[in-house]
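Structural description and commentary
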Amino acid sequence: MPTVLVTAHLFHTTDWPYYEILRQSGFDVHFADRTKSLNKADQLVEALRGMDAVVCSTEAYTPSVLRRIKTRVISRIGVGYDSIDVAAATENDIAVCRTTGAGYQAAAEHAIGMIFALYRDVVKRNEEVRAGLWNRTPGPRLAGKTLGVVGLGMIGTETARMAVALGMRVIAYNRSTPSELPSGVELVPLEEIWKQSDVVSLHTACTPQTERMINAQTLAQMKDDALLINTARGGLIDEPDLAAAMKGGKLRGAALDVLQQEPAGEGHPLFAIENIYFSPHMAGLDQQSIVDMSNLAARNIIDLYEGRWPAERVVNASNLRDWKW
Ligand SMILES: NC(=O)C1=CN([C@@H]2O[C@H](COP(=O)(O)OP(=O)(O)OC[C@H]3O[C@@H](n4cnc5c(N)ncnc54)[C@H](O)[C@@H]3O)[C@@H](O)[C@H]2O)C=CC1
Ligand SMILES: O=C(O)C(=O)CO
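Residues numbered from 1 in each chain as written. Chains lettered and ligands numbered in written order. Predicted model: local features only at pLDDT ≥ 70, side-chain atom pairs only at ≥ 80, totals over all residues. Heavy atoms only, no water.

The name that an unreviewed UniProt entry assigns to the chain is Glycerate dehydrogenase, with the source organism given as Blastopirellula retiformator. Taken verbatim from the UniProt record of the chain, the Sequence similarities (unreviewed entry) comment is "Belongs to the D-isomer specific 2-hydroxyacid dehydrogenase family." (UniProt positions renumbered as here; feature names shortened; annotations may be inferred.)

Here is the structure:
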């Protein structure tokens, strides 16, 4: 009987359809021991002993882990695979899959929601009313403002579409020219995103090329009253540079769903800055997307087991041509 380990804690329930989908396809499904720290290589290797596939979260699949496991498929619940060394997975003949298309609306809705929340100072006004204050200071109007989208993948494209529908002017940067540009979106060089945007929203993968793209130099080019929204990866922002810039009066506000270290724990230096809104890496999660993502993560494993090749969802498909279960 083929075996699957589910490391992603959020999905540790036998009540969800993905669990039954795997079982009905003949898989023996295990949940990882929550007392183990799977970001420690030895504990992850130990947890994967005897497992043919893993439904995973953001734990690190380093070359040292990948060399020591016999697992055939790493099926990521999600789309960002920066925690997996794909080259090392390929070298060790391990297929890496992701759940493309299952969570993009959720992440785009979160980004747009944060823009509204910051423009209307929703958190502060709520606290004030509860404290007996009646501060009616208005915020800016969203319609007519310029949104700069960095990365026109599925989420960036959906965010751009939503913003156009809200009456925003939308400019975007992508490393290559997308085959289809959403109506009303203008492609611009990256420097123009920093200079022209009233709101910058990050939607690129975190790679050595994009890491710390928000830093002292790029922040200095942004408008003083701009908003910065990050629902992509914490590594895209140099956090000390952001703290220094905002303490110096740069930016009207920021919304960070992701941080360099997650969970953030207590006392993160950015917590001292009042006009940053945080959320716990949940932009891509809504009640529908978690079901769709887990079903698709299971489906990716079953497809590979049964000899189908979901190439559009296998990250290393082009380098694993002779892969067999
Ligand atoms: N906070 C959350 O809950 C979630 C965060 N994410 C993050 O958002 C990112 C985007 O997600 P999707 O749009 O679904 O992914 P996608 O795969 O459709 O798009 C990735 C984007 O990154 C760009 N990119 C990749 N490498 C680049 C480079 N070296 N330089 C410039 N651009 C580069 C691509 O051109 C593309 O625009 C993911 O990589 C992930 O890190 C995704 C889902 C949920
Ligand atoms: O899909 C992703 O990349 C996410 O960050 C959600 O886990």
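Let us keep going from here.
**Let's talk about the site of ligand 2**
For ligand 2, the full set of nearby residues is R76, G78, V79, G80, R233 and H281. Interatomic distance of 2.7 Å between a backbone N/O atom of V79 and an oxygen atom of ligand 2. For ligand 2, an oxygen atom lies 2.8 Å from a polar atom in the side chain of R233. Across the complex, the protein chains shield 79% of the 230 Å² of accessible surface that ligand 2 would expose by itself. Class assignment for the residues of the shell around ligand 2 results in 1 nonpolar, 3 polar and 2 charged. (Near = heavy atom within 4 Å. Polar contact = N/O pair within 3.5 Å; in protein donor to acceptor, adjacent residues only side chain to side chain. Areas by Shrake-Rupley, 256 points an atom, 1.4 Å probe, with all protein chains shown as cover. Nonpolar A, V, L, I, M, F, W, Y, C, P; charged D, E, K, R; others polar.)

**Observations concerning the UniProt feature "domain: D-isomer specific 2-hydroxyacid dehydrogenase NAD-binding" (unreviewed entry) in the chain**
UniProt's feature table lists "domain: D-isomer specific 2-hydroxyacid dehydrogenase NAD-binding" (unreviewed entry) at residues 112-283, given in the numbering used throughout. Taken end to end, residues 112-283 has its terminal C-alpha atoms 10 Å apart, with 30% of it in helix and 16% in strand. (Helix = DSSP H or I, 4+ residues; strand = E, 2+ residues; numbered from the N terminus.)

**A word on the packing of aromatic side chains**
A complete count under the given rule lists 8 aromatic pairs for this structure. Ring geometry for F27 against Y305: centres 5.1 Å apart, planes inclined by 65°, an arrangement best described as edge-to-face. Remark: Y305 occurs in helix α11 (residues 287-305) and F27 occurs in the loop between α1 (17-24) and β2 (28-31); sequence separation between them is 278 residues. Its relative accessible area of 34% is what places Y305 among the partly exposed residues. Ring geometry for Y305 against W325: centres 4.9 Å apart, planes inclined by 75°, an arrangement best described as edge-to-face. On the criterion of sequence distance, the pair formed by Y305 in helix α11 and W325 in the segment after α11 is long-range, its members being 20 residues apart. (Phe/Tyr/Trp six-rings, centres within 6.5 Å; stacked < 30°, edge-to-face > 60°. Buried < 20%, exposed > 50% of the residue type's maximum accessible area, 1.4 Å probe, protein only.)

**Observations concerning the sheet that holds strand β5 (residues 95-97)**
The 5 strands are arranged β2-β1-β3-β4-β5 in an open sheet whose pairing can be described as parallel. A single partner strand is all that each edge strand has here, and the edge strands are β2 and β5. For this sheet the average axis-to-axis angle between neighbouring strands, irrespective of direction, equals 20°. Note: strand β1 (residues 3-6) against strand β3 (residues 53-56), 3 bridges, orientation parallel. The residue bridging V4 from the neighbouring strand is A53, located in β3. Across the face of the sheet, α1 comes into contact with β1 and β2 while running at roughly 140° to β2. (Pairing = 2+ DSSP bridges. Axes fitted to C-alpha atoms, helices over the stretch in contact; angles between N-to-C directions. Contact = heavy atoms within 4.5 Å.)

**Observations regarding a nonpolar patch on the surface**
On the surface, L10, M282 and L285 cluster together into a nonpolar patch covering about 240 Å² of accessible area. Relative to the elements of secondary structure, L285 occurs in the loop between β12 (276-278) and α11. (Patch = residues over 30% accessible without salt bridge, like charges linked within 9 Å, V, L, I, M, F, W, Y side chains within 5 Å. Salt bridge = Lys/Arg side-chain N within 4 Å of Asp/Glu carboxyl O.)

**A short note on the site of ligand 1**
Ligand 1 sits among 24 residues. The nearest are I155, N174, T231, D257 and G284. For ligand 1, an oxygen atom lies 2.7 Å from a polar atom in the side chain of N174. In this structure, T231 approaches ligand 1 through a main-chain N or O atom, which is 2.9 Å from a nitrogen atom. When ligand 1 sits alone it has 850 Å² of accessible area, and the protein chains cover 86% of it. Of the residues contributing to the shell around ligand 1, the split by class is 8 nonpolar, 12 polar and 4 charged.

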